[in-house]
Amino acid sequence: MLILHILGATVWAGGHIVLATLILPEVLRKKDARLLLSFEEKYERIGMPALLIQIITGLWMAYYYLPDPGGWFTLQTSLSVHIVIKLSLLLATVLLAVDARFRVIPRLSRENLTDMAWHIIGVTILAVVFVITGVSLRTGGLF
Ligand code: HEM
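The sections below set out a description of the structure shown in this document. Just so we're clear, the structure is a prediction, and the values are computed from it rather than from any experiment. (Residues numbered from 1 in each chain as written. Predicted model: local features only at pLDDT ≥ 70, side-chain atom pairs only at ≥ 80, totals over all residues. Heavy atoms only, no water.)

### Description of the overall build of the protein
Right, so step 1: Scanning the protein from terminus to terminus reveals four helices and zero strands.
Right, so step 2: Order of helices (α) and strands (β) in the protein, N terminus to C terminus: α-α-α-α.
Right, so step 3: Considering the protein as a whole, with its 143 residues, one finds that 36% of them fall into the buried category.
Right, so step 4: Working note: accessible area of the protein is about 8,600 Å², and carbon and sulfur atoms make up 72% of it. (Helix = DSSP H or I, 4+ residues; strand = E, 2+ residues; numbered from the N terminus. Buried < 20%, exposed > 50% of the residue type's maximum accessible area, 1.4 Å probe, protein only. Areas by Shrake-Rupley, 256 points an atom, 1.4 Å probe, with all protein chains shown as cover.)

Okay, here's the thing in structure tokens:
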């Protein structure tokens, strides 16, 4: 599970970091949404399965460490704090992704490129915090 989770993390976090740092600046400079759409079209084919793998393996591992889902939300243990952070990051990621998919992308043009840019930056920051929270969970570090 952990290997699948780490592979999924490389696709999800790595893909969004490439999108936000290499593709997005060029799209905004040229004010041309086509480059973004062609990247999204290809990346989505492995990005969405990667997110699904993160959810399944993440919940599995959370249950493995704390086989009482009610205990995930007590915030009385470091494990519970990490799980609540992970689930909050997941909720924020899904809300941004759904808003982009159904509100921004169908009307993507020069006019709403900035709106799309903020969605990409938001999901990328959430992906990086997912990784930091995961490593903190393993090393017993931050929270
Ligand atoms: C896109 C979403 C996610 C990303 C990028 C991500 C990333 C990571 C990374 C990089 C690690 C560290 C692995 C290691 O140190 O070996 C990790 C660990 C972990 N993640 Fe996630 N994660 C995501 C979603 C989730 C979700 C939704 C949950 C559910 C609660 C979750 C639960 C865990 C757990 C329990 C660990 C500890 C595994 C261990 O150390 O044995 N993750 N995650």
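That covers the picture; the talk isn't over yet.
### A short note on the coordination of the iron atom of the ligand
Right, so step 1: Within the protein, the iron atom of the ligand binds to His5 (NE2) and Lys86 (NZ); these donor distances fall in the range 2.0 to 2.1 Å.
Right, so step 2: Between the six donor atoms coordinating the iron atom of the ligand, the angles at the centre fall across 80 to 179°, so the site counts as octahedral. In this pair, His5 is assigned in helix H1 (residues 2–30) and Lys86 in helix H3 (residues 78–104), connecting sequence segments 81 residues apart.
Right, so step 3: On the basis of relative accessible area, His5 is assigned to the buried category, the value being 13%.
Right, so step 4: On the basis of relative accessibility, which here comes to 19%, the residue Lys86 falls in the buried class. (Donors = N, O, S within 2.8 Å, 3.2 Å for Na, K, Ca; no water. Tetrahedral: all angles 85-135°; square planar, octahedral: opposite > 155°, others 65-115°.)

### Notes on the site of the ligand
Right, so step 1: Lining the immediate environment of the ligand, one finds 19 residues, of which His5, Gln54, Tyr65, Lys86 and Arg138 sit closest.
Right, so step 2: Here an oxygen atom of the ligand sits 2.5 Å away from a polar atom, N or O, in the side chain of Tyr65.
Right, so step 3: Spatially, the ligand is embedded in the largest pocket.
Right, so step 4: At the level of elements, H1, helix H2 (34–65) and helix H4 (113–139) are the ones that each hand at least two residues to the shell around the ligand. (Near = heavy atom within 4 Å. Polar contact = N/O pair within 3.5 Å; in protein donor to acceptor, adjacent residues only side chain to side chain. 1 Å grid on protein atoms, 1.4 Å probe; cavity = no way out; pocket = protein on both sides within 12 Å on 5 of 7 lines; lining within 4 Å. Sits in = over half its atoms within 2 Å of the grid points.)

### Some points on the nonpolar core
Right, so step 1: Core analysis: the biggest nonpolar cluster contains 26 residues, and Trp12, Leu19, Leu36, Leu108, Leu113, Met116 and Ile120 have the highest contact counts within it.
Right, so step 2: The set of elements that each furnish at least two residues to this core consists of H1, H2, H3 and H4.
Right, so step 3: In terms of residues, this core owes the most to one element, H4, which gives eight residues.
Right, so step 4: Contacts of Leu19, omitting those with residues within four sequence positions, involve Leu24, Leu36, Phe39, Glu40 and Ile120. (Core = buried A, V, L, I, M, F, W, Y, C linked by side-chain atoms within 4.5 Å. Contact = heavy atoms within 4.5 Å.)

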